[in-house]
Amino acid sequence: MYVKFSPNLYVIRYRNGKVVKEGTGLSFFYLEKYTSAVAVPITNNDTDFIFEETTKDFQSVTVQGQLTYRIADCKKVANALDFSVNMKTKTHVAPPMPKLSKRMINIAEVFIKSRIGELGLTEAMRSSRELAAQVYEELRESEELKALGIEICGFSVLKVSANPETARALEAKAREEILKRADDALYERRNGSIEQERKIKENELATELSVEQKKKAIRESEIATKKMILERENELARMKTESQNELERIRLENERVLEEKKKEIATLRLENSKKDAEADAYRIAAVMDAYAKLSPEVLVALATMNMDPGALIAEAFNKLAGNADKIGQLNITPDLLETVMRKKA
């Protein structure tokens, strides 16, 4: 007869109780009377579990998870469990995988029980990841599993939960704590808001105070500036008044000095005029005194010494006219008159 196994099975072929061939996915012809075979699955197997355990504080918890393993040494597991198959149907005579899974679950339960027993209820409910990691390492180091040729591929704890009554009590306690934290957060938020408002008010007051101080400083600076300007203006006005007064005093002084100088000049002029008049009077008196000692004929002669001919002729006519009654006959030629008239013209 002919039989062919799938590639996910490790097959060991026996003839008369001796191994003649082994490997994955074997196919061969056989005689049913002399041949037997063992088929071991080499794929990964997933096994779910739910355990009821007790914590350190004597509270019942439910541990739910999954175990993943594979058969690494097919000969060891074939010697430990019956994996013989019916050659015609290619099925196991007595299914070995449930037994193997049960044995795996029992080993895992022992490890979980020891770990859960070291934890309190709250710690156990929060330690699913740490619990899975610890049990996984213990399963990998288990001598019993190594003896079976089993390799642990994965171990996960999906949930660690308390019984409903305990869960409701924990929920109530947690709810109260949450509400308390919410109230505390609300109070803290209110206190923070009040504190922030206080800081804002303080900052506003400080800002207003700073602004008022700056305004005061500006006003004081303006007042000081105005005062300085007013003092400067007063000083300038005083200096201007003093300058004007000084100029007026200098002008009056100059005018007084000028008037005095004018008076002195007028006095000098008067004195000079007096002296000139006295000199003229003295000169005239001397001349007149000299003339008084001379005869009239001499004076007339002196008077006519420097006269021009025309004037002398006119003077002669004047004397003739004065003595006209003593003159009998007088002849005056036209040439003489013409000469006098031409010179006059």
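Now for a quick tour of the structure. (Residues numbered from 1 in each chain as written. Predicted model: local features only at pLDDT ≥ 70, side-chain atom pairs only at ≥ 80, totals over all residues. Heavy atoms only, no water.)

Turning next to the sheet that holds strand β7 (residues 60–71). Strand pairing in a sheet is mediated by backbone hydrogen bonds. Such pairs are either parallel or antiparallel. The strand order β6-β7-β10 describes an open sheet built from 3 strands, whose pairing is antiparallel. Edge positions in the sheet fall to β6 (45–54) and β10 (150–162), since each has one partner strand and no second. The sheet shows a mean angle of 20 degrees between the axes of neighbouring strands, direction not considered. Pairing analysis gives 10 bridges linking β6 to β7, with the strands arranged antiparallel. Looking at the pairing, T54 lines up with S60 of β7. Each of β6, β7 and β10 is contacted by helix α2 (residues 97–116), which is oriented at about 40 degrees to β6, the strand it contacts most. (Pairing = 2+ DSSP bridges. Helix = DSSP H or I, 4+ residues; strand = E, 2+ residues; numbered from the N terminus. Axes fitted to C-alpha atoms, helices over the stretch in contact; angles between N-to-C directions. Contact = heavy atoms within 4.5 Å.)

Taking strand neighbours across the sheet as the criterion, the 3 strands line up as β3-β2-β5 in an open arrangement whose pairing is antiparallel. Two strands in the sheet have a free side with no partner beyond their single neighbour: β3 (18–24) and β5 (35–41). Taken over all neighbouring pairs, the strand axes of this sheet differ in orientation by 15 degrees on average, direction set aside. As judged from the 6 bridges shared by strand β2 (residues 9–15) and β3, these two strands associate in the antiparallel manner. The residue bridging R15 from the neighbouring strand is K18, located in β3.

To continue, consider the side chain of T35. Examined against the element boundaries, T35 turns out to sit in strand β5. In contact with T35, other than residues within four places in its own chain, are R13, Y14, F28, Y30 and M87.

To continue, consider the packing of α2 against helix α4 (residues 128–140). Here α2 crosses α4 at 135 degrees, and the two axes come no closer than 10 Å. Accordingly, the angle class assigned to the pair α2 and α4 is oblique. In this structure, α2 crosses over α4, and the sense of that crossing is right-handed. Between α2 and α4, the residues in contact are I107, A108, F111, I112, R115 and I116 and L131, Q134, V135, E138 and L139, respectively. A class-by-class count of the residues in the contact of α2 with α4 yields 8 nonpolar, 1 polar and 2 charged. (Parallel < 35°, antiparallel > 145°, perpendicular 65-115°, else oblique. Left-handed = near helix turned anticlockwise from the far one by under 90°. Nonpolar A, V, L, I, M, F, W, Y, C, P; charged D, E, K, R; others polar.)

Fair warning: the whole summary comes from geometry, so function is off the table for now.
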